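So you can see what is in the structure, the chains are spelled out below.
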Amino acid sequence: AVSTLDEPEIAGRAVGVLRQLMPALPILARGRDAPDCEKLVRAGATVAVPEIVEGSLQLGGVLLRQLGDSPDSVGQVLEQFRQETYVRLAQGAGDP
C-alpha cells in the first residue's frame with residue numbers, strides 16, 4: 001500500500017488501520033519531514049519518505065553536477081545520504 005496523504009494526523013491513522021488489518025502488508029508512506037516520517041513508521045509504515053529531504057536532495061544533485069561532479073559521483077553521494085537518513089528514521093521510530 002502507498003500513502004501520500006497531505007494531513008499528517010489522517011495519514012498516521014490510515015497507516016495504523018492498514019497495519020492492524022493487514023500486518024504483513026508493506027506500507028510505503030510519504031511525510032512532509034523527518035518528524036512526520038517517524039510518526040508514520042511508529043504507526044506501522046514499512047518505509048516513510050520525507051518529501052522535504054527528497055526535494056532538497058534533487059536540488060543538491062543539480063548543484064553538484066553544475067559544479068562539475070560526475071553523475072555517478074552525485075548519485076553515490078545522494079544514495080549514501082538517503083540510506084543514512086532512512087536508517088536514522090527507522091531507529092527513531094523505535095524510541096518511546
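Residues numbered from 1 in each chain as written. Predicted model: local features only at pLDDT ≥ 70, side-chain atom pairs only at ≥ 80, totals over all residues. Heavy atoms only, no water.

## Quick look at the pairing of strand 3 (residues 47–50)
Each regular strand displays side chains that alternate between the two surfaces of the sheet.
Moving on, step 1. Side chains Ala48 and Pro50 of strand 3 all project onto a buried face; the interleaved residues Val47 and Val49 project onto a face where none is buried.
Moving on, step 2. Bridging between strand 2 (residues 28–31) and strand 3 involves 4 bridges; their strand directions are parallel. Counterpart to Leu28 in the pairing with strand 3 is Val47.
Moving on, step 3. Note on the crossover from strand 2 through helix 2 (residues 34–43) to strand 3: the handedness is right-handed. (Buried < 20%, exposed > 50% of the residue type's maximum accessible area, 1.4 Å probe, protein only. Helix = DSSP H or I, 4+ residues; strand = E, 2+ residues; numbered from the N terminus. Pairing = 2+ DSSP bridges. Right-handed = clockwise from strand over helix to strand, strands pointing away.)

## Considering helix 2
Moving on, step 1. Residues of helix 2 that are buried: Asp36, Cys37 and Leu40. Buried positions in helix 2, seen along its axis, are confined to an arc of 95 degrees and lie on one side of it.
Moving on, step 2. By the N-cap criterion, in which a side-chain oxygen at the helix start approaches the backbone nitrogen of a residue two or three places on, helix 2 is capped by Asp33, the distance to Asp36 being 3.0 Å.
Moving on, step 3. Looking one or two places after helix 2, you find Gly44, whose phi comes out positive at around 130 degrees. (Arc of directions from axis to C-beta. Polar contact = N/O pair within 3.5 Å; in protein donor to acceptor, adjacent residues only side chain to side chain.)

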